[in-house]
Amino acid sequence: SLSLSPSRQVPAEYTQRYSNASLRTNINGMSTFLDESIGNITQALKTAGLWDNTFVVFSADNGGYLGNGGDSTPLRGGKFSSFQGGTRVISLATGGLLPAAVHGTQNDGYIHIADWYATFAHLAGLSDEQIVDKRAAAAGLPPLDSLNVWPLVSGQNSTSPRTVIALDVNPNATSDGRVGYFGTGEALISGDFKIVTGIQLKGVDAHPGKYIHCDAQQPPWTPQNPGVECTCLEGCLYNIRADPTEQHNLASTMPQKLKELQDLLAAHRAGVYAPYRGDVDMRACEQVVKNGGFWGPWLPSPPLAKA
């Protein structure tokens, strides 16, 4: 796992590779370093004779970090929001194990990042029954939400086994009305339709107060006009196949579909594992500033017991 998130630092040699001075930014240098690192790993696998039995997946974990070099244009929003700009991300699959017939092709089937677990387990020879966490099940925890998508990415099937994607499901999200790290919103995709609820943010600097309805935001979406911060209240409804930039809220014209996805979201909420982890302690953020951009201990040490 390699991160392009703050704190953005990279050896100067990687930014100096750009002939255009305007492109000599830390985020571009970090991308160059990442690209070189992946190239080194790829070459090492080929040198060791392992490439033909290798399957490589490269995937982002969220959309662009607005204000920190991220740009999800033309999609709406970015990291910290449930809109497509925050949740629909680029990925690629390669390796000698991948059939040559699918090299250079594009796949638009639904894949959740959680699905790579079941996929790699399948390639390692494990059955569906073998990847069930029996201890977790015995403790009453929900089952794994991971599907084997190897038939899709390898070209055996043209459709994905995944038809529902729970993007943000948090039973604690709106329990006390406060704006948390990721707002108070939730989101779920079912088929071509997507529901987005609650407050959608554009960064961690959320501020309590009144948020305009997301319908009041006007496209086109850009890093300067990302379509957030706003609220969808009990639900905005979008057909993300026909309207991938989420400009047309169908909630008022398709109330039955809205209700269907609200009920599906509620069903997922009942089975999600999301225990309350305590209140936000701003001293942690203050310590990051004191450290010059790095996380570190922020609570005072307890007094030592006397001998």
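Per-chain confidence: the protein averages 89 in pLDDT, with 92% of residues scoring 70 or above. Per-element mean pLDDT across the protein ranges from 89 in helix α8 (residues 282–290) up to 98 in strand β8 (residues 236–239).

Now for the sheet that holds strand β4 (residues 186–190). The strand order across the open sheet formed by four strands is β3-β4-β5-β8, and the pairing between neighbours is antiparallel. The open sheet terminates on both sides in strands that have one partner only, identified here as β3 (164–168) and β8. Direction aside, neighbouring strands of the sheet carry axes that sit 15 degrees apart on average. Both β3 and β4 contribute to a ladder of four bridges, which runs antiparallel. Bridging from a neighbouring strand, A166 pairs with L188 of β4. Sitting on the sheet, helix α7 (residues 255–271) touches β3, β4, β5 (193–197) and β8, and the angle it makes with β4 is about 115 degrees.

According to the stated counting rule, one finds two disulfides in the structure shown. Shown here is the disulfide that connects C232 with C236, its sulfur atoms set 2.2 Å apart. With the S-S dihedral at roughly -105 degrees, the linkage between C232 and C236 falls on the left-handed side. For the residue pair C232 and C236, the accessibility class agrees, reading buried in each case. Across the protein, the disulfide pattern expressed with sequentially numbered bonded cysteines is 1-2, 3-4.

Let's shift gears to the pattern of salt bridges. Taken as a whole and judged by the stated rule, the model has 11 salt bridges. As a salt-bridge pair, E246 and K194 come within 2.9 Å of each other at their nearest N and O atoms. Residue E246 is found in the loop between β8 and α7, and its partner K194 is found in strand β5; the two are separated by 52 residues along the sequence. In the salt-bridge network here, residues are joined through shared partners; they are E13, R17 and E36.

What follows covers the packing of aromatic side chains. Using the criterion set out here, one finds six aromatic pairs in the structure. Aromatic pair F55 and W150: ring centres 5.0 Å apart, planes at 80 degrees, arrangement edge-to-face. One end of the pair, F55, is in the loop between α2 (26–47) and β1 (56–59); the other, W150, is in helix α6 (residues 150–153), and 95 residues separate them in sequence. For the pair Y65 and F80, a centre-to-centre distance of 5.3 Å together with 65 degrees between the ring planes defines the contact as edge-to-face. Of this pair, Y65 sits in the loop between β1 and α3 (84–87) while F80 sits in the loop between β1 and α3, and the two are 15 residues apart along the sequence. When sorted by exposure, Y65 lands in the same class as F80, which is buried. An aromatic cluster of at least three residues, connected via ring pairs, comprises F55, W116, F120 and W150. Of note, K46 hangs over the ring of W51, and the distance from its end group to the ring centre comes to 5.2 Å. Of note, R76 hangs over the ring of F83, and the distance from its end group to the ring centre comes to 4.4 Å.

Counting residues in each nonpolar core, the largest one holds 13 residues, and the members touching the most others are F83, V196, C214, C232 and Y238. Excluding residues within four positions of it along the chain, C232 makes contact with F83, V196, T197, G198, H213, C214 and Y238. Membership of the second largest hydrophobic core comes to 10 residues, among which are V169, L188, I195 and A251.

What counts, and at which threshold
Residues numbered from 1 in each chain as written. Predicted model: local features only at pLDDT ≥ 70, side-chain atom pairs only at ≥ 80, totals over all residues. Heavy atoms only, no water. pLDDT = per-residue confidence, 0-100. Helix = DSSP H or I, 4+ residues; strand = E, 2+ residues; numbered from the N terminus. Pairing = 2+ DSSP bridges. Axes fitted to C-alpha atoms, helices over the stretch in contact; angles between N-to-C directions. Contact = heavy atoms within 4.5 Å. Disulfide = S-S within 2.5 Å. Buried < 20%, exposed > 50% of the residue type's maximum accessible area, 1.4 Å probe, protein only. Salt bridge = Lys/Arg side-chain N within 4 Å of Asp/Glu carboxyl O. Phe/Tyr/Trp six-rings, centres within 6.5 Å; stacked < 30°, edge-to-face > 60°. Lys NZ or Arg CZ within 6 Å of the ring centre and 35° of its normal. Core = buried A, V, L, I, M, F, W, Y, C linked by side-chain atoms within 4.5 Å.

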